[in-house]
Amino acid sequence: MGMSLEERVRSAVAALLHAAGESQTELAAALGVSQAQVSRRQSGTAAWSLTDCEVVAAHYGIDVLELLAGPTRATEAMPAARRRVSGRPAGTPRPAAVEGGV
């Protein structure tokens with residue numbers, strides 16, 4: 001049997017966090033909740049609401065249906081600009097854009 005919808009969402013969120021190089025704290029700020037609340041949702045002790053899913057999807061620049069489809073679809077849909085910069089440790093801020101686009 002495949003993953004439940006809740007498991008797909010948790011897996012997709014984890015994959016998006018990793019691909020973007022973000023921490024639960026950064027995602028929590030985008031959602032307007034505490035890191036502990038994100039942790040509870042990711043551990044399965046609390047559920048991701050549909051509103052949460054919409055906010056997470058918008059935060060990562062994907063459609064909510066791609067988030068609900070699971071980690072592979074969610075990360076494949078994520079725009080390149082949202083992906084972790086190679087060599088930058090997870091959880092560190094993205095470098096500011098250099099003027100002139102260089």
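Residues numbered from 1 in each chain as written. Predicted model: local features only at pLDDT ≥ 70, side-chain atom pairs only at ≥ 80, totals over all residues. Heavy atoms only, no water.

### Topic: helix H1 (residues 5-20)
Turning to step 1, where the next piece is worked out: Over its 16 residues, H1 extends 22 Å from the first C-alpha to the last, a length consistent with the 22 Å expected when each residue adds 1.5 Å.
Turning to step 2, where the next piece is worked out: Buried residues of H1: Val9, Ala12, Val13, Ala15, Leu16, Leu17, Ala19 and Ala20, and no others.
Turning to step 3, where the next piece is worked out: Looking at the packing, one finds that the buried side of H1 touches helix H2 (24-31), helix H3 (35-43), helix H4 (50-60), helix H5 (64-69) and helix H6 (71-77).
Turning to step 4, where the next piece is worked out: Backbone geometry just after H1 places Gly21 at a positive phi near 70°. (Helix = DSSP H or I, 4+ residues; strand = E, 2+ residues; numbered from the N terminus. Expected span 1.5 Å × (residues − 1). Buried < 20%, exposed > 50% of the residue type's maximum accessible area, 1.4 Å probe, protein only. Contact = heavy atoms within 4.5 Å.)

### Some remarks on the nonpolar core
Turning to step 1, where the next piece is worked out: Within the largest apolar cluster, 21 residues are counted, with the highest numbers of intra-cluster contacts made by Val13, Leu27, Trp48, Val56, Tyr60 and Leu67.
Turning to step 2, where the next piece is worked out: Taken together, the elements giving at least two residues each to this core come down to H1, H2, H4 and H5.
Turning to step 3, where the next piece is worked out: For this core, the element with the most residues is H1, which contributes 7 residues. (Core = buried A, V, L, I, M, F, W, Y, C linked by side-chain atoms within 4.5 Å.)

### Regarding H4
Turning to step 1, where the next piece is worked out: Asp52, Cys53, Val56, Ala57 and Tyr60 are the residues of H4 that are buried. Buried residues of H4, viewed axially, fall in a sector of 130°; they line one side. Away from its buried face, by an angle of more than 90 degrees, H4 presents the exposed residues Thr51 and Ala58.
Turning to step 2, where the next piece is worked out: Gly61 sits one or two positions beyond H4 and adopts a positive phi of about 75°. (Arc of directions from axis to C-beta.)

### Some details on the pattern of salt bridges
Turning to step 1, where the next piece is worked out: Tallying each qualifying case throughout the model produces 3 salt bridges.
Turning to step 2, where the next piece is worked out: Note that Arg10 and Glu6 form a salt bridge whose closest N and O atoms lie 3.9 Å from each other. Taken together, the residues Arg10 and Glu6, both in helix H1 and 4 residues apart, mark about one turn of the helix.
Turning to step 3, where the next piece is worked out: Looking at Glu6, the relative accessible area reads 49%, which means it is partly exposed.
Turning to step 4, where the next piece is worked out: The salt bridge partner of Asp52 is Arg41, with a shortest N-O separation of 3.5 Å. Here Arg41 lies in helix H3 and Asp52 lies in helix H4, a separation of 11 residues in the sequence. By the burial criterion, Asp52 is buried, and Arg41 matches it. (Salt bridge = Lys/Arg side-chain N within 4 Å of Asp/Glu carboxyl O.)

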